[in-house]
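Summary of structural features
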Amino acid sequence: MKSDLKHSLYCVALWALPVLAWAQPSPSSPVHGNLIHMDGKTASRSMPSGAAPRQAEPTERSLMQWLLRIHEASRSRAYVGTFVVSTADGAMSSSRIWHVCDGEQQVERIDALTGEPRSTFRHNDRVVTFFPGSRLVQTERRQSLRSFPDVVANQDVSIAEHYTVRPGGTDRVAGLETQVLLIEPRDRWRFGYRIWSERQTGLMVKMQTLDSAAHPLEQSAFSELQLNASIHKEQLLGMMRNTQGYQVQKHDPVQTTAAAEGWVLGPVAAGFHLTSCSRQVAQPNQTQSASMHGSRAAPASVQWTFSDGLASVSLFVEPLEGRQGMQEVALSMGATGLLSRRVQDWWLTVVGEVPRHTLQVFSQSLQRVR
Amino acid sequence: MNTREPHTALVSDLMDGRLRGADFHDALLLVTRDSKARSAWEAYHLLGDVLRTPELAPSPTERDFVLRLRARLEVETALSPPLGEAVLVASVPPPTGRRAGAANDQRFSWKWALGVVSLAAVTLLGWSMVERALDGDQATQLAKVQTPVGESVMLRDPRIDRLLLAHRQSGAGSALLMPSGFLRNATFELDAARVPPK
């Protein structure tokens, strides 16, 4: 009798466990806007990375959760490494990276190891670039370097409307165990991405931009990375402030509108929204070498920037003056494509990390009104 | 002892240019009169061509074509001089004042036929690759400038460089900007990415 009771209880337990597990609410939920629920808690900007009592399993996270995790990882630790950018046609560039953060202060130094020597310093949204060859320093403030949650909150559309994410296995990069993510576009107007996120911290250590056949067009990766490196923020800031012996150029584009510049902006590719419209102020008295790094566009040129949350596109118009001999241009370098064509007395150029047909839509979107 | 071994060894020596004078003449006669030796001769040529040119990997249709062509050539009586000797064995001076007749012509025609087939295969493959490269749905793999007449030229336009730099440094609110996007934009060297037209 006792053994029969035991046997019955055992069978009941075997049935009960799966039923109880099935009845648990799913931890994942669709995400819209900037409110994210992870295991019933709202993710905050000050959430310490790696300190959550239980982190969602890789398969459970949504795209926004992944992006936030990746973003927070770089804001909360110091690291030093070598970063390599390579394209499908064999071009390769590399740089040495120092990154340190102190609460809300982030400081970064990037020394180019290939091409023209240059050192880029970043302190939050302020960027200073030294060109030792031409003894030139460019300084600017970039709106685009705001905190990611601010970026998400200000977007008109959700990234999840145009991309999906799914786990792509695990891999080892620069000696670190990573989780691979596949970010796939929902339509043909944008590229996909493959991201390698370090298992413990979420730091992005490698990224590929993929074409419609999922072939890498371009890859950015740390070939060597030392996490939790001991770097002194003040030392980097001191280097950033030391412009002695350099000619300082400030880039302060003036915010403007299409209407003020005499243009009408029509429909652009689906999912892309306008993020800024600015006019570059002309830089007088520039040397030959400085002019290359100096004014980013010719005097009185206008730049519109667009984004769908992951990809970005820039639209430039410049006056034709003295450039009648120019020919229409179409080129690509890695994931970046460029189209340039004449519109009446102007040259219109589209640049972006998007497919060619998306660039073509943008190039047709401007109309001159006066 | 395998009766095929002497044939294949002789044909191999002939292919390698190790034969001189009477040995060379005897080997040529063997190849022209003995079907097994001729088969070995053809196989060596085909192997060499396939190893050197991937497009010549034989397909059933190509093999059928070759067999039909061979049968046709055997029927014909060729009268052209033995030009093939200088082509096949470059290190051996061709026998002077000798016409090898129909056998030499077959050899010469063989090379001609294989050359035509390989040229056609390479042309077809190259054309399909060019068509894929010009497909507008795929991003181009080469950094090249398309002029209105379709020629590719090396790009050295400072204006284009400035605009590329301006785009890279704008970021435009991409979620991937930090950290990877910013690092990528600061690292990516415009000149390194510039690929000369091929």
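Look up: the structure comes first, before these words.
Described in the following lines is the structure provided in the data block. (Residues numbered from 1 in each chain as written. Chains lettered and ligands numbered in written order. Predicted model: local features only at pLDDT ≥ 70, side-chain atom pairs only at ≥ 80, totals over all residues. Heavy atoms only, no water.)

Assigned secondary structure in chain B consists of 8 helices and 2 strands. Counting helices and strands in the order they occur from the N terminus, chain B gives α-α-α-α-α-α-β-β-α-α. If you take every contact in chain B between residues at least 6 apart in sequence, the share linking residues at least 24 apart comes to 61%. (Helix = DSSP H or I, 4+ residues; strand = E, 2+ residues; numbered from the N terminus. Contact = heavy atoms within 4.5 Å.)

Residues and elements named next belong to chain A. Within the element layout of this structure, Asp308 appears in the loop between β18 (302-307) and β19 (312-319). One polar contact links Asp308 to Tyr163, side chain to side chain, over a distance of 2.5 Å. Among the polar contacts listed, one links the side chain of Asp308 to the backbone nitrogen of Leu310, at a separation of 2.9 Å. Setting aside residues no more than four positions away along its own chain, Asp308 makes contact with Ile159, Tyr163, Arg190, Gly271, Phe272 and His273. (Polar contact = N/O pair within 3.5 Å; in protein donor to acceptor, adjacent residues only side chain to side chain.)

We now examine helix α3 (residues 35-52) of chain B. In this model α3(B) runs 26 Å from its N-terminal to its C-terminal C-alpha over 18 residues, within 8% of the 26 Å that 1.5 Å per residue would give. By the burial criterion, the buried members of α3(B) are B:Ala37, B:Arg38, B:Ala40, B:Trp41, B:Glu42, B:His45, B:Gly48 and B:Asp49. (Expected span 1.5 Å × (residues − 1). Buried < 20%, exposed > 50% of the residue type's maximum accessible area, 1.4 Å probe, protein only.)

Here the focus is the sheet that holds β19(A). Strand order in this open sheet of 7 strands is β15-β17-β18-β19-β22-β21-β20 (chain A), and the pairing throughout is antiparallel. Among the strands making up the open sheet, the edge pair consists of β15 (254-255) and β20 (329-333) of chain A. Bridging between β18(A) and β19(A) involves 6 bridges; their strand directions are antiparallel. In the strand pairing of β19(A), A:Val302 is matched with A:Val317. Strand contacts of helix α7 (residues 158-170) of chain B: β18, β19, β20, β21 (336-343) and β22 (346-352) of chain A, with the helix running at about 140 degrees to β19(A), the strand carrying the most contacts. (Pairing = 2+ DSSP bridges. Axes fitted to C-alpha atoms, helices over the stretch in contact; angles between N-to-C directions.)

Moving on, we come to the pairing of strand β13 (residues 216-227) of chain A. One ladder, built from 9 bridges, connects strand β3 (residues 79-87) of chain A with β13(A); its direction is antiparallel. If you follow A:Ser86 over to β13(A), its bridge partner there is A:Gln219.

This brings us to the packing of aromatic side chains. Residues and elements named next belong to chain A. Per the stated rule, a full pass over the model turns up 8 aromatic pairs over all chains. Taking 5.6 Å as the distance between ring centres and 75 degrees as the angle between the ring planes, the aromatic pair formed by Phe121 and Phe130 counts as edge-to-face. The same class applies to Phe121 as to Phe130, namely buried. Of note, Arg109 hangs over the ring of Trp98, and the distance from its end group to the ring centre comes to 4.8 Å. Above the plane of the ring of Trp196 lies Lys206, whose end atom (NZ or CZ) is 4.4 Å from the centre. (Phe/Tyr/Trp six-rings, centres within 6.5 Å; stacked < 30°, edge-to-face > 60°. Lys NZ or Arg CZ within 6 Å of the ring centre and 35° of its normal.)

Right, let's talk about the pattern of salt bridges for a bit. Any two side chains of opposite charge can pair, so long as their charged atoms come close to each other. In this structure the tally under the stated criterion is 17 salt bridges over all chains. For B:Arg184, the salt bridge identified is with A:Glu218, shortest N-O distance 2.5 Å. Taken as a pair, B:Arg184 in helix α8 (residues 177-187) and A:Glu218 in strand β13 lie in two separate chains rather than in one. By relative accessible area, which is 6% here, B:Arg184 ends up buried. What makes A:Glu218 buried here is its relative accessible area of 4%. The residue B:Arg159 makes a salt bridge to A:Glu318 at a minimum N-O spacing of 2.7 Å. Here B:Arg159 is found in helix α7, whereas its partner A:Glu318 is found in strand β19 on a different chain. (Salt bridge = Lys/Arg side-chain N within 4 Å of Asp/Glu carboxyl O.)

This brings us to the sheet that holds strand β7 (residues 126-131) of chain A. All names here are of chain A. Sheet architecture is open: 12 strands sit in the order β9-β10-β11-β12-β13-β3-β4-β5-β6-β7-β8-β14, paired in mixed fashion. Bordering the open sheet on either side are β9 (163-173) and β14 (247-251), each of which pairs with just one other strand. In this sheet, adjacent strand axes meet at a mean angle of 15 degrees when their direction is disregarded. Two elements, strand β10 (residues 176-185) and strand β11 (residues 192-198), share 6 bridges in a ladder whose sense is antiparallel. Within β11, the position partnered with Gln179 by the bridge is Ser197.

All names here are of chain A. Pairing analysis gives 9 bridges linking β9 to β10, with the strands arranged antiparallel. By the bridge assignment for β10, Val173 is matched with Leu176. Counting the residues in the hairpin turn of β9 and β10 gives 2 residues, including Ala174, whose phi is positive at 50 degrees.

Below, the discussion takes up helix α6 (residues 356-363) of chain A. The buried fraction of α6(A) is high, at 6 of 8 residues. Buried residues in α6(A) make contact with β18, β19, β20, β21, β22 and β23 (366-368) of chain A.

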